[in-house]
Amino acid sequence: MRENKLADLSLDLAIRVVKMTDDIKGHYSSKNQLERSATSIGANIREANYAQSKADFISKLHISLKECYETEYWIDVLVGAGVIEEEKSRQIYNLCGTIRRILIASINTAKNK
């Protein structure tokens, strides 16, 4: 893994979600929402690396955190609707939770510095 574990994990999450949604037939709106929220996590983490200020850095990480929660929501919707199997989404859901916990810790650390 490279230097930035959070960036690596978020990239892995985005790739896994894109691959998982390839199998979904129909449900384009929900599929699109899941892909958008999952890929936004890493995009905002990368943007945070080039933040203009501490406040901007924290803001980008907060956006990533919100996108994590949204990704988990869309997974819950698609599993609940029987569009994707719970077993198939479990690893992605767990990875999202790991990223969320790291983001929370990173935000708290940045605020306390």
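Up top is the structure these notes are about.
Just so you know, these numbers come straight off a predicted model, no measurement behind them.

Rules used throughout
- All residue numbers refer to positions counted from 1 along the written sequence of the respective chain.
- Since the coordinates come from a predicted model, pLDDT governs what is reported: local features require at least 70, and pairs of side-chain atoms require 80 or more to be given and counted, while whole-chain, interface and lining totals use all residues.
- The side-chain values count all of the structure's non-hydrogen atoms but skip hydrogen atoms and water molecules.
- Between 30 and 60 degrees the pair is tilted, below 30 it is stacked and above 60 it is edge-to-face, where a pair is any two Phe, Tyr or Trp rings, Trp via its six-membered ring, whose centres lie within 6.5 Å.
- Relative accessibility thresholds used throughout: buried, under 20% of the residue-type maximum; exposed, over 50%; partly exposed, between the two (1.4 Å probe, protein chains only).
- Helix and strand assignments follow DSSP, with helices taken as H or I runs no shorter than four residues and strands as E runs no shorter than two, numbered in order from the N terminus.
- Any helix carries an expected span of 1.5 Å times its number of residues minus one.
- What the bend at a residue measures is the angle between two axes, fitted to the seven residues ending there and to the seven starting there.
- Contacts were defined at the residue level, with two residues in contact if any of their heavy atoms lie within 4.5 Å.
- Lines fitted to the C-alpha atoms define the axes, with helices restricted to the stretch that makes contact. Angles between their N-to-C directions range from 0 to 180 degrees.
- Should an angle fall under 35 degrees it is taken as roughly parallel, and over 145 as roughly antiparallel, whereas 65 to 115 is taken as roughly perpendicular and any remaining angle as oblique.
- Handedness of a helix crossing follows the sense of rotation of the near helix relative to the far helix, less than a right angle counterclockwise being left-handed and clockwise being right-handed.
- Under the scheme applied here, ten amino acids are nonpolar (Ala, Val, Leu, Ile, Met, Phe, Trp, Tyr, Cys and Pro), four are charged (Asp, Glu, Lys and Arg), and all others, including Gly, are polar.

Chemist: Hey, could you run me through the packing of aromatic side chains in this one?
Modeler: A ring pair, where both rings are aromatic, is described by two values, the distance of the centres and the angle of the planes. This structure, assessed with the given rule, holds one aromatic pair. On the numbers, 5.1 Å between centres and 75 degrees between planes, the contact of Tyr73 with Trp74 is edge-to-face. With a relative accessible area of 16%, Trp74 lands in the buried category.

Chemist: Would you mind going over helix 2 (residues 28-48) with me for this structure?
Modeler: Residue pairs spaced three or four apart in an α-helix point in one direction, given the helix's 3.6 residues per turn. Taking 1.5 Å per residue as the helical rise, helix 2 with its 21 residues ought to reach 30 Å, and the 30 Å between its terminal C-alpha atoms agrees with that figure. Its maximal kink placed at Ser40, helix 2 deviates by approximately 25 degrees. Lining the buried residues of helix 2 we find helix 1 (5-21), helix 3 (54-80) and helix 4 (86-112).

Chemist: I tried to follow the packing of helix 3 against helix 4 on my own but got confused; where do I start?
Modeler: The geometry of a pair of packed helices is captured by two quantities: the angle between their axes and the separation between those axes. Viewed as axis vectors pointing N to C, helix 3 and helix 4 meet at an angle of 160 degrees, and their least axial separation amounts to 9 Å. Taken together, the axis directions place helix 3 and helix 4 in an arrangement best described as roughly antiparallel. In this structure, helix 3 crosses over helix 4, and the sense of that crossing is left-handed. Per-class residue counts for the contact of helix 3 with helix 4 are 16 nonpolar, six polar and six charged.

Chemist: How should I be thinking about unusual backbone geometry in this particular structure?
Modeler: Glycine aside, residues mostly have negative phi, and peptide bonds are mostly found in the trans state. Although it is not a glycine, His27 sits at a positive phi angle of roughly 50 degrees. Turning to its location among the elements, His27 is positioned in the loop between helix 1 and helix 2.

Chemist: What is the right way to read the environment of Ile104 from this model?
Modeler: On the secondary structure map, Ile104 appears in helix 4. With sequence-adjacent residues up to four places away left out, Ile104 is seen in contact with Leu65 and Tyr69.

Chemist: Would you explain helix 3 in this entry?
Modeler: Helix length check: helix 3 (27 residues) gives 39 Å between terminal C-alpha atoms against 39 Å at 1.5 Å per residue, within 8%. Residues of helix 3 that are buried: Ile58, Lys60, Leu61, Ser64, Leu65, Glu67, Cys68, Thr71, Glu72, Trp74, Ile75 and Leu78. Residues of helix 3 that are buried make contact with helix 2 and helix 4. One or two residues past the end of helix 3 sits Gly82, with phi positive at roughly 75 degrees.

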